[in-house]
Amino acid sequence: MLRSKTEELIRKTMARFVDNEVIPRAQEIDVKGEFPWEMFQQMAKMGVFGIRYPKERGGSGGNTTLYCIIMEELSRGLFSVAHVTGMQCLMGTNFLFHFGTEEMHKKYFLPAMRGEKIGCFCLTEPEAGSDLGNVATLAIRTNDGYIINGMKTWVSNGPVADFFTVLCQTDPAKKLRGLGFFFVPGDTPGISRSRPFDLLGTRSSKISEIAFNNCHIPPNHRLSDEGQGLNNLLSILAEIRTVTAAMAVGLGRAALHDSIKYARERAQFGKTISNYQLIQSKIGEMTVDLEASKLLTYRATHMIDEKIPCLPEASMAKYFATEAACKAGDYATRIFGAYGYSMEYTAQRYYRDNRFLLYGGGTHEVLLPNIARWAGL
Ligand SMILES: Cc1cc2nc3c(=O)[nH]c(=O)nc-3n(C[C@H](O)[C@H](O)[C@H](O)COP(=O)(O)OP(=O)(O)OC[C@H]3O[C@@H](n4cnc5c(N)ncnc54)[C@H](O)[C@@H]3O)c2cc1C
């Protein structure tokens with residue numbers, strides 16, 4: 001699967017970091033439910049946030065494959081760390097990088113790469129989840145910029161963010177064709193944040209509502225042209241779905257690893273449970289699913305790196321790897337028996353965290369009809 005020495009090196013470096021620094025503390029961090037500040041800083045020091053961006057503009061000069069390898073490894077350790085890191089690498093900074101002014105680059109992008117500022121991505125609204133044509137947050141043009149009014153929800157990193165990339169409507173009659181992205185600094189008067197949501201999984205991720213009440217921004221805070229929001233989103237959608245798949249692979253690997261270990265240790269009826277065929281079949285299924293997930297995921301990353309359009313391939317990877325991770329989490333809780341139901345063991349965390357994958361990057365009810373269309377239906 002690995003195609004270059006760099007991929008191998010990044011994989012080994014991240015795997016070592018995850019084994020030594022993340023896994024030993026994962027349960028404690030998850031139980032405390034605090035934003036993983038220390039690991040966030042470690043990611044910055046390792047140059048992870050800039051992995052998708054060129055060196056000459058402050059990035060680390062990597063590509064989507066390297067980004068996904070990192071995210072897979074982090075997800076194997078603690079899903080929340082992968083989640084907050086993934087947002088900072090891609091959705092939280094991407095449009096700032098491509099459309100921000102030189103001043104914004106210095107003031108926000110470069111500090112974000114150093115872990116000094118946090119970005120986030122605001123699409124979803126109380127009445128607009130899958131249906132982005134229903135986005136009601138308005139950006140009204142004035143003589144000296146824009147006034148933004150509206151409410152965003154489910155904003156990952158929202159409670160701790162220093163700046164927001166916000167999808168707004170500039171012409172409600174145009175629906176999807178009236179959307180555009182805007183850059184809103186976190187200290188803009190009129191912004192308010194709800195308390196962090198109480199979550200089923202990813203307990204250390206911080207997610208909240210963000211309200212924009214008459215927020216004034218200058219004209220150069222419009223990221224690309226009015227009406228280009230959908231195209232902008234489509235330009236990174238394959239990458240969003242592929243990285244979600246990579247995170248699913250990481251969770252699937254963790255569930256499989258811990259299930260094998262447990263099955264080899266736990267003895268019932270005079271033998272370890274690894275001797276029983278129904279346990280073996282679960283481990284077998286998890287293994288095959290995982291291998292297929294990896295193939296789909298890294299096929300998509302390589303296509304992205306080669307600039308080959310691959311939304312169908314990315315969507316299939318996201319769908320398959322997510323369903324596989326959900327199944328692996330479910331199987332792990334069964335293999336662990338009653339201990340799968342205990343908060344002291346890892347299986348429950350994989351079972352809870354993998355639910356996130358069902359929504360992030362698009363729900364499967366929305367993805368599957370598109371996949372069917374791409375297949376020719
Ligand atoms: C942990 C977490 C982090 C998130 N982080 C962010 C973030 O940082 N920024 C952000 O903007 N959003 C974020 N989201 C929100 C996420 O993008 C949305 O949950 C997702 O877009 C789905 O929207 P919804 O939850 O409103 O579901 P809805 O769109 O209301 O869907 C509800 C149900 O109806 C189904 N459905 C909807 N439309 C159709 C259809 N046409 N055909 C068939 N079935 C349909 C869905 O599949 C789902 O089962 C996050 C969500 C979670 C859980």
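Look up: the structure comes first, before these words.
Read on for an overview of the structure. Note that this is a predicted model, so its numbers are computed, not measured.

Quick look at the overall build of the protein chain now. Of the regular secondary structure elements, the protein chain holds 11 helices and 10 strands. For the protein chain, whose C-alpha radius of gyration is 21 Å, the value lies close to the compact-globule estimate of 21 Å for 377 residues. For the protein chain, the proportion of its 377 residues judged to be buried stands at 48%. Expressed as a percentage of contacts within the protein chain between residues at least 6 apart in sequence, the contacts between residues at least 24 apart total 73%.

The ligand sits among 18 residues. The nearest are Gly 129, Ser 130, Ser 156, Thr 363 and Glu 365. Sorting the residues of the shell around the ligand by element identifies β1 (119-122), β3 (145-156) and α11 (364-374) as the ones contributing at least two each. Across the shell around the ligand, the residue classes break down as 10 nonpolar, seven polar and one charged. Each of two domains, domain 2 (119-227) and domain 3 (230-369), supplies a minimum of three residues to the shell around the ligand.

This part takes up the pairing of strand β2 (residues 138-142). The side chains of a regular strand alternate between the sheet's two faces. Of the strand pairs in this sheet, β2 and β3 are connected by five bridges, and their pairing is antiparallel. The residue of β3 that forms the bridge with Ile 140 is Ile 147. Between the end of β2 and the start of β3, which pair antiparallel, lie two residues.

This paragraph deals with the environment of Ile 147. Along the chain, Ile 147 turns up in strand β3. The exposure class of Ile 147 is partly exposed, given the 17 C-beta atoms found within 10 Å. Expressed as a C-alpha distance, the spacing of Ile 147 and Val 84, which sit 63 residues apart in the sequence, is 29 Å. Beyond its immediate sequence surroundings of up to four residues, Ile 147 is in contact with Ile 140, Thr 142, Asn 214, Cys 215 and His 216.

In this model, Lys 175 sits at a positive phi of 50 degrees, which is unusual for a non-glycine residue. Turning to its location among the elements, Lys 175 is positioned in the loop between β4 (163-169) and β5 (179-185). Look at Lys 175 and you get partly exposed, because 15 C-beta atoms sit within 10 Å. Even without being glycine, Asn 214 reaches a positive phi, approximately 50 degrees. Its place among the elements puts Asn 214 in strand β7 (residues 207-217).

Conventions adopted
Residues numbered from 1 in each chain as written. Predicted model: local features only at pLDDT ≥ 70, side-chain atom pairs only at ≥ 80, totals over all residues. Helix = DSSP H or I, 4+ residues; strand = E, 2+ residues; numbered from the N terminus. Rg over C-alpha atoms; globule rule 2.2 N^0.38 Å. Buried ≥ 20, exposed ≤ 12 C-beta atoms within 10 Å, placed from the backbone. Contact = placed C-beta atoms within 7 Å. Near = placed C-beta within 6 Å. Nonpolar A, V, L, I, M, F, W, Y, C, P; charged D, E, K, R; others polar. Domains from an automatic or database assignment. Pairing = 2+ DSSP bridges.

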